[in-house]
Amino acid sequence: MATDETTTAALAKALAHPARIRILRLLQATPGCIGGDIVGAVGLAQSTVSEHLRILKSAGVITGEIDGPRVCYALNPASLAPLADLIMGLTPPAEGACCIPVRKEPA
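Residues numbered from 1 in each chain as written. Predicted model: local features only at pLDDT ≥ 70, side-chain atom pairs only at ≥ 80, totals over all residues. Heavy atoms only, no water.

With an unreviewed UniProt entry as reference, the protein is termed ArsR family transcriptional regulator, source organism Haematobacter massiliensis.

Right, dumping it as structure tokens:
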């Protein structure tokens, strides 16, 4: 598998959980969220939120900066470019293309 495919698959996997999507939406709405604030807003146990944050950070989707005893998280939108490119490229084939499934009526 090519490196860009591996990267894209890792990004998709990191986003493949409803709680992680909630975390990303929260970070989008409130840049610089502190970890404890995320726990309260997402409504999950601190250990569960920490694991989701770890996965997102490991994939490069978010960054985390230590600020005293706390960690400030922020989105890293540039990291999603490979996944965005894939999704934008998934356009329907041109009419008359050979690979469009044809629905057959039951006999």
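**Comments concerning the packing of helix α2 (residues 18-29) against helix α4 (residues 46-58)**
Taken N-terminus to C-terminus, the directions of α2 and α4 make an angle of 75°; their axes are 10 Å apart at the nearest point. The orientation of α2 relative to α4 falls into the category roughly perpendicular. Together, Ala19, Arg20, Ile23 and Leu24 of α2 and Val49, His52, Leu53, Ile55 and Leu56 of α4 make up the contact between the two elements. A breakdown of the residues in the contact of α2 with α4 according to their chemical character gives seven nonpolar, one polar and one charged. (Axes fitted to C-alpha atoms, helices over the stretch in contact; angles between N-to-C directions. Helix = DSSP H or I, 4+ residues; strand = E, 2+ residues; numbered from the N terminus. Parallel < 35°, antiparallel > 145°, perpendicular 65-115°, else oblique. Contact = heavy atoms within 4.5 Å. Nonpolar A, V, L, I, M, F, W, Y, C, P; charged D, E, K, R; others polar.)

**A short note on the pattern of salt bridges**
This model, assessed by the stated rule, comprises two salt bridges. A salt bridge links arginine 54 to glutamate 51; the shortest N-O distance between them is 2.7 Å. One end of the pair is arginine 54 and the other is glutamate 51, both in helix α4 and three residues apart, which spans about a single turn. A relative accessible area of 48% places arginine 54 in the partly exposed class. Overall, the relative accessible area of 36% leaves glutamate 51 in the partly exposed class. (Salt bridge = Lys/Arg side-chain N within 4 Å of Asp/Glu carboxyl O. Buried < 20%, exposed > 50% of the residue type's maximum accessible area, 1.4 Å probe, protein only.)

**Brief notes about the pairing of strand β3 (residues 70-75)**
One ladder, built from two bridges, connects strand β1 (residues 33-34) with β3; its direction is antiparallel. By the bridge assignment for β3, cysteine 33 is matched with tyrosine 73. Taken together, the six bridges between strand β2 (residues 62-67) and β3 define a ladder with antiparallel strand orientation. Along β3, the bridge assignment pairs aspartate 67 with arginine 70. Connecting the antiparallel pair β2 and β3 is a turn made up of two residues, with glycine 68 showing a positive phi of about 70°. (Pairing = 2+ DSSP bridges.)

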